[in-house]
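Structure assessment
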Amino acid sequence: MSKLSLQEQMLKAGLVNEKKLKKAKKGSKKSRVQAREAKAAVEENKAAQKERDQALNKQRDEEKLSKEIKAQVKQLITLNTIEHGNGDIKYNFTDGTLVKSIYVTQEARDQLSKGQLSIARLEEGYSVIPTIVAKKIAERDQETIIENDVKEEVVEEDDPYAQYVVPDDLMW
């Protein structure tokens, strides 16, 4: 006995005709194509979801790193703040476009003018810290440090005021 396919057996038995058989074959091919398309759509959705998840994780990691850096900066400032106490000398400095001032002792004022000390933003106020620490903080967060670098003055040869030296302790 030769093995006949189910379709051929049903055709011989008269249960189906050629037209119904072709229609059934066409329908099964269509369902296979639809299944393949559905699978491709599912894979595409999975890939898009994975990409969104990776982007979200990257954003969370960056936010976490930013918070850690801010905590480190705050800790460096609080640990290295030089108590300028109840100084009676007003020290003026620029914060962006604004002129701000803090009261410091004479010693702290001298060190600020020489560049040995710097000013850093701390929450709503300002702190006086050593310039060495300020440079370490600036590596992590440039916005926190108020520039207090002492610039070397270059005297031009034909400067008519070269003979007049501006004193370091000049108050403005």
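Residues numbered from 1 in each chain as written. Predicted model: local features only at pLDDT ≥ 70, side-chain atom pairs only at ≥ 80, totals over all residues. Heavy atoms only, no water.

Structurally, proline 130 can be placed in strand β4 (residues 125–130). Here the alpha-carbon distance between proline 130 and alanine 120, two residues ten residues apart in the chain, equals 9.8 Å. Apart from the residues within four sequence positions on either side, proline 130 is in contact with Asn80, Ile82, Gln116, Leu117 and Ser118. (Helix = DSSP H or I, 4+ residues; strand = E, 2+ residues; numbered from the N terminus. Contact = heavy atoms within 4.5 Å.)

If you look at the biggest cluster of nonpolar residues, it comprises ten residues: Tyr91, Phe93, Ile102, Val104, Ala108, Leu112, Leu117, Ile119, Val128 and Ile146. Going through the elements one at a time, β1 (89–95), β2 (98–104), α3 (106–114) and β3 (117–122) are the ones with two or more residues in this core. Counting nine residues, the second-largest nonpolar core is a separate cluster that includes Ile77, Ile129, Val133 and Ile137. (Core = buried A, V, L, I, M, F, W, Y, C linked by side-chain atoms within 4.5 Å. Buried < 20%, exposed > 50% of the residue type's maximum accessible area, 1.4 Å probe, protein only.)

Let us now look at the packing of aromatic side chains. Overall, the coordinates contain one aromatic pair when judged by the stated rule. Ring centres 5.0 Å apart and planes at 80 degrees place the aromatic pair phenylalanine 93 and tyrosine 126 in the edge-to-face group. Of this pair, phenylalanine 93 sits in strand β1 while tyrosine 126 sits in strand β4; the two residues are 33 residues apart in sequence, bridging distant segments of the chain. For tyrosine 126, a relative accessible area of 23% corresponds to the partly exposed category. (Phe/Tyr/Trp six-rings, centres within 6.5 Å; stacked < 30°, edge-to-face > 60°.)

Let us now look at the pattern of salt bridges. What the rule picks out here adds up to three salt bridges. With its nearest N and O atoms 2.2 Å apart, the salt bridge here joins arginine 121 to aspartate 95. Of this pair, arginine 121 sits in strand β3 while aspartate 95 sits in strand β1, and the two are 26 residues apart along the sequence. You can call arginine 121 partly exposed: its relative accessible area is 30%. Judged by its relative accessible area of 12%, aspartate 95 falls in the buried class. (Salt bridge = Lys/Arg side-chain N within 4 Å of Asp/Glu carboxyl O.)

Moving on, we get to the packing of helix α2 (residues 18–80) against helix α4 (residues 131–140). Direction vectors running N to C along α2 and α4 enclose 170 degrees, while the axes themselves pass 10 Å from each other. In terms of orientation, α2 and α4 fall into the roughly antiparallel class. On the side of α2, the interface is formed by Ile69, Gln72, Val73, Leu76, Ile77 and Asn80, while α4 contributes Val133, Ile137 and Arg140. Split by residue class, the contact of α2 with α4 holds six nonpolar, two polar and one charged. (Axes fitted to C-alpha atoms, helices over the stretch in contact; angles between N-to-C directions. Parallel < 35°, antiparallel > 145°, perpendicular 65-115°, else oblique. Nonpolar A, V, L, I, M, F, W, Y, C, P; charged D, E, K, R; others polar.)

Sheet architecture is open: three strands sit in the order β4-β3-β5, paired in antiparallel fashion. A single partner strand is all that each edge strand has here, and the edge strands are β4 and β5 (145–146). For β3 and β5, the ladder comprises two bridges, and the chain directions are antiparallel. Residue pairing for β5: alanine 120 is matched across the bridge by isoleucine 145. With respect to the sheet, α3 is in contact with β3 and β4, its orientation differing from that of β3 by roughly 100 degrees. (Pairing = 2+ DSSP bridges.)

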